[in-house]
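Results of the structural survey
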Amino acid sequence: MPIFFPVSEPLTESTARFIAVANVLAGVEQYANSCREPGFTLLESEARRVAATPVRGGRELTSRVMTRLRIAWQTELAARAGDALDDPVLRRVAAQTLPVQAYYAVFNAARAMTLVAGAPVDTHAAVQRDFESQRARRAAGPWRLTLSGDPKAASTCSLEPAVCTVTGFNLLESGHEAAEYVAAGLRMTRKWKLEAARDEWLKRSRKKDGSRYQNLSPAGRAEILSGLRRTTLIDFLYEMRRRTNYESVDEYGSDATDAEVHRFHEGLLYVTKSGLLLYETQIAQYAGIKALTDAAAEWSRSVKRAGRWATEAVDERLNAIGQAVR
């Protein structure tokens, strides 16, 4: 189903960047809903998809695993705080920190799951490689999609599974299919990764006379591109966090409308929740749903003073996971 967004007034560059990301996030959430199994909620459907791949259970939730889980849940709670009061001003203020919180919530869930699985990964690059090589194929909806090719030319890009043709279009446009916004978001992420790799290449490479290169040669770009693995949704989360931390936050101080800020929040909170679900479902497979539920209950007691809303997201996922892994 095509997505239609309200038409904005003439935009500054920073506002346009913000709206483009908000539109990608809206497309990610809508595509996820289009993949939902009939008769199940979105979270139930996603948990069923992950749990369909069997693993060898009988693992233990050690104190190190519990620490990573608590960090993931606590970081998600911080991400949800700006949205909990449904206040446009608070939502706008929180937009700058949300990409960082969203990424670290999922990152720490990944650290917890891989530790339970017996193959722990702890660095950003390792988590991203593990997701692309091991997790994407068992994931649901947008988390399952991977993109290859040269982001400079949409015609060279390939989406797997091929749920749509990768085309070049202005991300401020409305009326495209939800899957096309997901593909465009992955292509944008791949472009960001190439830019970061280019900057790193220019920083470390020297000419024969010892001077720095001013530009990346076509051969150098081809070399970087050939070593770039397929791009996934966790790469998108990471690149949003990296750019927020180390490059520019101008778009978060833009004059985007309240509706556009709300679309950004809603989409990014969905990505956070579904990313956590993916890893939590695998933890339940490895250690049992009771162990995961007990860990969540212990954490919930520590935040109960914040109110019922504080644990709603975790509780909702546990209910979906419990049905999927029985």
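Numbers given to residues run from 1 along each chain, matching the order in which its sequence is written. Two thresholds apply to this predicted model, a pLDDT of at least 70 for residue-level local features and 80 or more for giving and counting side-chain atom pairs, whereas whole-chain, interface and lining totals are computed over all residues. Here the side-chain values reflect all heavy atoms present in the structure, with hydrogen atoms and water set aside.

1. A word on the overall build of the protein
To be explicit about the condition: Here a strand is any run of E in DSSP of at least two residues, a helix any run of H or I of at least four, and the numbering for each starts at the N terminus. A radius of gyration in this sense is built from C-alpha atoms; the matching globule rule multiplies 2.2 Å by the number of residues raised to 0.38. Each residue is placed in one exposure class: buried if its accessible area under a 1.4 Å probe, protein chains only, is under 20% of its type's maximum, exposed if it is over 50%, and partly exposed if it falls in between. Every residue pair with non-hydrogen atoms within 4.5 Å of one another is taken to be in contact.
When helices and strands are counted, the protein shows 12 helices and 4 strands. Against the globule reference of 20 Å for 326 residues, the protein gives a C-alpha radius of gyration of 20 Å, in line with a compact fold. Each principal axis of the C-alpha atoms in the protein carries an extent, and together these give about 60 × 45 × 35 Å. A buried classification covers 53% of the 326 residues belonging to the protein. Considering only intrachain contacts with a sequence separation of at least 6, the fraction spanning at least 24 residues in the protein is 76%.

2. With respect to the environment of Gln214
One can find Gln214 in the loop between helix 7 (178-204) and helix 8 (218-226). Separated by 73 residues in sequence, Gln214 and Gly141 have C-alpha atoms that sit 41 Å apart.

3. As for the pattern of salt bridges
Rules: Salt bridges are identified by distance alone: a Lys or Arg side-chain nitrogen within 4 Å of an Asp or Glu carboxyl oxygen.
With the rule as written, the count across this model stands at 20 salt bridges. Between Glu316 and Lys273 there is a salt bridge; the shortest N-O distance is 3.8 Å. Separated by 43 residues along the polypeptide, Glu316 in helix 12 (residues 309-325) and Lys273 in helix 10 (residues 258-287) bring together distant segments of the chain. One salt bridge connects Arg308 with Asp315, and the closest N-O pair in it is separated by 3.1 Å. If you follow the salt bridges from partner to partner, you end up with Lys193, Arg229, Asp235, Glu239 and Arg242 in one network.

4. Thoughts on the environment of Thr189
Along the chain, the position of Thr189 falls in helix 7. Of the residues examined, Thr189 reaches a relative accessible area of 0% and is grouped as buried. Along the backbone, Thr189 and Leu147 are 42 residues apart, and their C-alpha atoms lie at a distance of 9.7 Å. Leave out the neighbours within four places in its chain, and Thr189 touches Thr231, Asp235, Phe236 and Glu239.

5. Details of the confidence of the model for the protein
Heads up, the rule is: For every residue, the predictor reports its confidence as pLDDT, a number between 0 and 100.
With 97% of its residues at a pLDDT of 70 or more, the protein has an overall mean of 92. Averaged over each element, pLDDT in the protein is lowest for helix 4 (residues 88-94) (83) and highest for strand 2 (residues 146-148) (98).

6. Some words on the packing of aromatic side chains
Our working rule: In this analysis, rings of Phe, Tyr and Trp, with Trp reduced to its six-membered ring, are considered paired at centre separations within 6.5 Å, and the interplanar angle assigns stacked below 30 degrees, edge-to-face beyond 60, and tilted for intermediate values.
Taken as a whole, this structure holds 9 aromatic pairs when the rule is applied. Taking the centre distance of 5.8 Å and the plane angle of 50 degrees together, the rings of Trp73 and Trp299 count as tilted. Here Trp73 is found in helix 3 (residues 63-84), whereas its partner Trp299 is found in helix 11 (residues 289-303), with 226 residues between them in sequence. Considered together, Trp73 and Trp299 belong to a single accessibility category, that of buried residues. Summarising the aromatic geometry, the rings of Phe169 and Tyr181 are spaced 5.4 Å apart at their centres and angled 85 degrees between planes, so their arrangement reads as edge-to-face. One end of the pair, Phe169, is in the loop between strand 3 (158-160) and strand 4 (176-177); the other, Tyr181, is in helix 7, and 12 residues separate them in sequence.

7. Comments concerning unusual backbone geometry
Between Glu160 and the following residue, Pro161, the backbone shows a cis peptide bond with an omega angle of -10 degrees. Secondary-structure assignment places Pro161 in the loop between strand 3 and strand 4.

8. Description of the packing of helix 6 (residues 124-135) against helix 9 (residues 233-246)
Heads up, the rule is: Throughout, an axis means a line fitted to C-alpha atoms (over the contacting stretch in the case of helices), and angles, computed between N-to-C directions, take values from 0 to 180 degrees. Any angle from 65 to 115 degrees is called roughly perpendicular, while one under 35 is roughly parallel, one over 145 is roughly antiparallel, and all others are oblique. Residue polarity is assigned by list, with Asp, Glu, Lys and Arg as charged and Ala, Val, Leu, Ile, Met, Phe, Trp, Tyr, Cys and Pro as nonpolar; anything else, Gly included, falls into the polar class.
Relative orientation of the contacting elements helix 6 and helix 9 amounts to 160 degrees, with a least axis distance of 9 Å. Considered as vectors, helix 6 and helix 9 are oriented roughly antiparallel to each other. Residues His124, Val127, Gln128 and Phe131 of helix 6 pack against Ile234, Asp235, Tyr238 and Arg241 of helix 9. Residues of the contact of helix 6 with helix 9, tallied by class, amount to 4 nonpolar, 2 polar and 2 charged.

9. A word on helix 2 (residues 42-51)
Counting buried positions along helix 2 yields 8 of 10 residues, so the element is predominantly enclosed. Taken as a whole, helix 2 has its buried residues at Leu42, Leu43, Glu44, Ser45, Glu46, Ala47, Val50 and Ala51. In this fold, the buried residues of helix 2 make contact with helix 1 (13-34), helix 10 and helix 12.

10. Brief notes about the packing of helix 5 (residues 98-117) against helix 6
Condition: Helix crossings get a hand from a simple test, with the near helix turned counterclockwise from the far one by less than a right angle marking a left-handed crossing and a clockwise turn marking a right-handed one.
Direction vectors running N to C along helix 5 and helix 6 enclose 70 degrees, while the axes themselves pass 11 Å from each other. Between helix 5 and helix 6, the crossing angle belongs to the class labelled roughly perpendicular. Where helix 5 crosses over helix 6, the two elements pack in a sense that is left-handed. Residues Tyr103, Tyr104, Phe107, Ala110, Met113 and Thr114 of helix 5 touch helix 6, and the partners they reach there are His124, Val127, Gln128, Asp130 and Arg135.

11. Some remarks on the environment of Ala22
Tracing the backbone shows Ala22 in helix 1. Separated by 71 residues in the primary sequence, Ala22 and Val93 place their C-alpha atoms 15 Å from one another. In this structure, Ala22 is in contact with Glu260, Arg263 and Phe264, ignoring residues within four places of it in sequence.

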